[in-house]
Amino acid sequence: MAGIGKVESHVELFISCRDLKDADLVTLSDPLVEVEERVNSGQWRRIGRTERVDNNLNPDFTTTFKIIYNFEQMTMLRFKVFDIDSEDNDTSKADFLGTAETNLHEIAGMRGKTLSKDLTLNNGSKKGKILLRFEEISEGNDKFFFKFSARDLTKVTCFLCPLQPFLEIAR
């Protein structure tokens, strides 16, 4: 994972949730996750938040977090999940869907560097899970060149709009 004598590594943290509490009456919850790190004073400092995913109890968030993983220090993280119903994504107006705490050592020690934690509600009960995965960020400067082409692609007309071929590249 790290070079000889190296005590820290840059990692990227990926977040998903499963089986979240449905806090909305008509639609499904619109979850967002706040990520906090415990600092030396014992206080929690927000390091970021994911995007809101509308009407989804099993979101895979696209927002990731770049964190320095120091093998000799305990980096505690807290994840707070909210159902956001306001356009300004204000968590003070949101329904609380649960919280979980862990540290980077716990994630690193899991098979596939993926950890599943129960979400704890305000009343202490458990509902839903948060899945945390991290990958080490390579220090290399690898370059990739792609060339794509297509021929004789047909447009398919749907009831309301034409469907056009497209190419999606994902990690």
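Let us look at the structure shown here. (Residues numbered from 1 in each chain as written. Predicted model: local features only at pLDDT ≥ 70, side-chain atom pairs only at ≥ 80, totals over all residues. Heavy atoms only, no water.)

### A word on the overall build of the chain
And step 1. For the chain, the count of helices and strands is one helix and ten strands.
And step 2. Counting helices and strands in the order they occur from the N terminus, the chain gives β-β-β-β-β-β-α-β-β-β-β.
And step 3. When each of the 171 residues of the chain is scored for burial, the buried share is 33%.
And step 4. At a minimum sequence separation of 6, the contacts of the chain that also span at least 24 residues come to 61%.
And step 5. Carbon together with sulfur atoms contributes 50% to the accessible area of the chain, which is approximately 11500 Å² in total. (Helix = DSSP H or I, 4+ residues; strand = E, 2+ residues; numbered from the N terminus. Buried < 20%, exposed > 50% of the residue type's maximum accessible area, 1.4 Å probe, protein only. Contact = heavy atoms within 4.5 Å. Areas by Shrake-Rupley, 256 points an atom, 1.4 Å probe, with all protein chains shown as cover.)

### So, the layout of surface pockets
And step 1. Each pocket or cavity is described by its volume, and for the largest pocket that value is around 200 Å³.
And step 2. Glu37, Arg38, Val39, Asn40, Ile68, Asn70, Gln73, Met74, Thr75 and Met76 are the residues that line the largest pocket.
And step 3. Sorting the residues of the lining of the largest pocket by element identifies β2 (31-38) and β4 (65-70) as the ones contributing at least two each.
And step 4. Partitioned by chemical class, the residues of the lining of the largest pocket number four nonpolar, four polar and two charged. (1 Å grid on protein atoms, 1.4 Å probe; cavity = no way out; pocket = protein on both sides within 12 Å on 5 of 7 lines; lining within 4 Å. Points joined across faces, edges and corners; volume = space filled by probe spheres on them. Nonpolar A, V, L, I, M, F, W, Y, C, P; charged D, E, K, R; others polar.)

### Re the nonpolar core
And step 1. By size, the foremost hydrophobic cluster in this structure holds 26 residues, and its most contacted members are Leu13, Ile15, Val33, Phe79, Val81, Ile130 and Phe134.
And step 2. At the level of elements, β1 (8-18), β2, β4, β5 (76-83), β6 (95-103), α1 (104-108), β7 (114-120) and β8 (126-136) are the ones that each hand at least two residues to this core.
And step 3. Residues within four places of valine 33 in sequence aside, it is in contact with Ile15, Cys17, Gly48, Arg49, Thr50, Phe61, Phe79, Lys80, Val81 and Ile130. (Core = buried A, V, L, I, M, F, W, Y, C linked by side-chain atoms within 4.5 Å.)

### Examining the side chain of asparagine 70
And step 1. Mapped onto the fold, asparagine 70 is located in strand β4.
And step 2. For asparagine 70, a relative accessible area of 13% puts it in the buried group.
And step 3. When residues no more than four places from it in sequence are discounted, the contact partners of asparagine 70 are Val7, Glu8 and His105.

### Some remarks on the packing of aromatic side chains
To describe a pair of aromatic rings, you give the distance between the ring centres and the angle between the ring planes.
And step 1. Taken as a whole and assessed by the stated rule, the structure comprises three aromatic pairs.
And step 2. Considering the side-chain rings of tyrosine 69 and phenylalanine 71, the 4.8 Å spacing of their centres and the 85° angle between planes classify their relative orientation as edge-to-face.
And step 3. Under the relative-accessibility criterion, tyrosine 69 is labelled buried at 5%.
And step 4. Following the ring pairs from residue to residue traces out a cluster consisting of Tyr69, Phe71 and Phe134.
And step 5. Over the aromatic face of phenylalanine 14 sits the side chain of arginine 133, whose NZ or CZ is 4.1 Å from the ring centroid. (Phe/Tyr/Trp six-rings, centres within 6.5 Å; stacked < 30°, edge-to-face > 60°. Lys NZ or Arg CZ within 6 Å of the ring centre and 35° of its normal.)

### Observations concerning the environment of lysine 113
And step 1. By the element assignment, lysine 113 lies in the loop between α1 and β7.
And step 2. For the pair formed by lysine 113 and glutamate 135, sequence separation is 22 residues and the distance between their alpha carbons is 7.4 Å.

### Some thoughts on the side chain of glutamate 37
And step 1. With respect to the helices and strands, glutamate 37 occurs in strand β2.
And step 2. At a separation of 2.8 Å, a polar atom in the side chain of glutamate 37 contacts the side chain of arginine 45.
And step 3. When neighbours within four sequence positions are excluded, glutamate 37 is seen to be in contact with Gln43, Trp44, Arg45, Ile47, Thr75, Met76 and Leu77. (Polar contact = N/O pair within 3.5 Å; in protein donor to acceptor, adjacent residues only side chain to side chain.)

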